[in-house]
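# Remarks on the overall topology
Residues per chain, in single letters:
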Amino acid sequence: MIKPDAVENGHVGGILDKITSAGFKIVAMKYTQLSKRDAKAFYAVHSERPFFGELVEFMTRGPIVTAIIEKENAVDDFRALIGATNPAEAAEGTIRKLYATSIGENAVHGSDSDENAAIEGDFHFAGREIY
Ligand code: CMP
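Residues numbered from 1 in each chain as written. Predicted model: local features only at pLDDT ≥ 70, side-chain atom pairs only at ≥ 80, totals over all residues. Heavy atoms only, no water.

## Description of the overall build of the chain
- Counting secondary structure elements, the chain contains 7 helices and 2 strands.
- Along the chain, from the amino end to the carboxyl end, the secondary structure elements read α-α-β-α-α-β-α-α-α.
- Its C-alpha atoms give the chain a radius of gyration of 14 Å, near enough to 14 Å, the size a compact globule of 131 residues would have.
- Seen through its principal axes, the chain has C-alpha atoms that stretch 35 × 35 × 25 Å. (Helix = DSSP H or I, 4+ residues; strand = E, 2+ residues; numbered from the N terminus. Rg over C-alpha atoms; globule rule 2.2 N^0.38 Å.)

In structure tokens, the structure reads:
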């Protein structure tokens, strides 16, 4: 997902360019906005964290771009491309170093495993939307 902060700040094109230039293939993509229910379900694993309410407010405040991307070793390579959760700790040239503003408003989300990538892809897309 390209999160509301990055959409608001006009970084959709820059982020998609970083992703495709790194060799990822986009197999599904949409411009959409999460409801509170969507955001709570997507981030259910974080529901006991102190920042959960803030996370749900943030993720629902405006549109996002959500996509399924493919590549060999996609999970690890994408996590390297986006950088650390906290942009202050993200490596030079990573998407979060370039475009994120804080640990909460951190521009992008990437799945943390192949299993979760499949679950998260199914969350956002019907089978007929995946190419
Ligand atoms: P993401 O990789 O999408 O996964 C969980 C999200 O929770 C994370 O990016 C941040 O947007 C948010 N998050 C993680 N840690 C914090 C924190 N300490 N304070 C606020 N938001 C956080």
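## Points about the environment of Ala6
- Summarising the element assignment, Ala6 is placed in helix α1 (residues 4-8).
- The exposure class assigned to Ala6 is buried, which follows from its relative accessible area of 0%.
- Separated by 63 residues in the primary sequence, Ala6 and Ile69 place their C-alpha atoms 18 Å from one another.
- Apart from the residues within four sequence positions on either side, Ala6 is in contact with His11, Val12, Ile15 and Ala107. (Buried < 20%, exposed > 50% of the residue type's maximum accessible area, 1.4 Å probe, protein only. Contact = heavy atoms within 4.5 Å.)

## Notes on the nonpolar core
- Ranked by internal contacts, the top residues of the largest apolar core, which has 16 residues, are Ile2, Ile15, Ile19 and Ile95.
- At the level of elements, α1, α2 (12-21), α5 (74-82) and α6 (95-99) are the ones that each hand at least two residues to this core.
- Apart from the residues lying within four places of it in its own chain, the contact partners of Ile95 are Ile15, Lys18, Ile19, Leu81, Ile82, Ala100 and Val108.
- Membership of the second largest hydrophobic core comes to 11 residues, among which are Phe42, Tyr43, Val56 and Met59. (Core = buried A, V, L, I, M, F, W, Y, C linked by side-chain atoms within 4.5 Å.)

## Considerations on the site of the ligand
- Lining the immediate environment of the ligand, one finds Lys3, Tyr43, His46, Phe51, Glu54, Leu55, Arg96, Ile103, Gly104, Asn106 and His109.
- Within the backbone of Gly104, an N or O atom sits 2.8 Å from an oxygen atom of the ligand.
- With respect to the ligand, the side chain of His109 contributes an N or O atom lying 2.9 Å from an oxygen atom.
- Compared with its free state, where it exposes 460 Å², the ligand has 81% of that area covered by protein.
- Taken together, the residues of the shell around the ligand sort by class into 4 nonpolar, 4 polar and 3 charged. (Near = heavy atom within 4 Å. Polar contact = N/O pair within 3.5 Å; in protein donor to acceptor, adjacent residues only side chain to side chain. Areas by Shrake-Rupley, 256 points an atom, 1.4 Å probe, with all protein chains shown as cover. Nonpolar A, V, L, I, M, F, W, Y, C, P; charged D, E, K, R; others polar.)

## Notes on the pattern of salt bridges
- Taken as a whole, this structure holds 6 salt bridges when the rule is applied.
- Close ionic contact of Lys30 with Glu129 constitutes a salt bridge, the shortest N to O distance being 3.4 Å. A residue pair is termed long-range when its members are at least 10 positions apart, and Lys30 in strand β1 (residues 25-32) and Glu129 in the segment after α7 (114-124) qualify at 99 residues.
- What makes Lys30 partly exposed here is its relative accessible area of 25%.
- Given a relative accessible area of 25%, Glu129 falls into the partly exposed group.
- Lys36 is the partner of Glu57 in a salt bridge, and the nearest nitrogen-oxygen pair spans 3.8 Å. Residue Glu57 is located in helix α4 (residues 52-59), and its partner Lys36 is located in helix α3 (residues 36-42); the two are separated by 21 residues in the primary sequence.
- Exposure remark for Glu57: the relative accessible area of 48% places this residue in the partly exposed category.
- One salt-bridge network, held together by shared partners, links Glu8, Arg61 and Glu105. (Salt bridge = Lys/Arg side-chain N within 4 Å of Asp/Glu carboxyl O.)

## Here we look at the packing of aromatic side chains
- In total, this model carries 3 aromatic pairs according to the counting rule given.
- Here Phe24 and Phe78 contribute two aromatic rings whose centre-to-centre distance is 5.6 Å and whose plane-to-plane angle is 80 degrees, an arrangement assigned as edge-to-face. Separated by 54 residues along the polypeptide, Phe24 in the loop between α2 and β1 and Phe78 in helix α5 bring together distant segments of the chain. The residues Phe24 and Phe78 share a single accessibility class, namely buried.
- Judged by centre distance (5.0 Å) and plane angle (80 degrees), the ring pair of Phe42 and Tyr43 falls under edge-to-face. Each member of the pair, Phe42 together with Tyr43, is buried.
- Among the aromatic residues, ring-to-ring pairing joins Phe42, Tyr43 and Phe123 into one connected group. (Phe/Tyr/Trp six-rings, centres within 6.5 Å; stacked < 30°, edge-to-face > 60°.)

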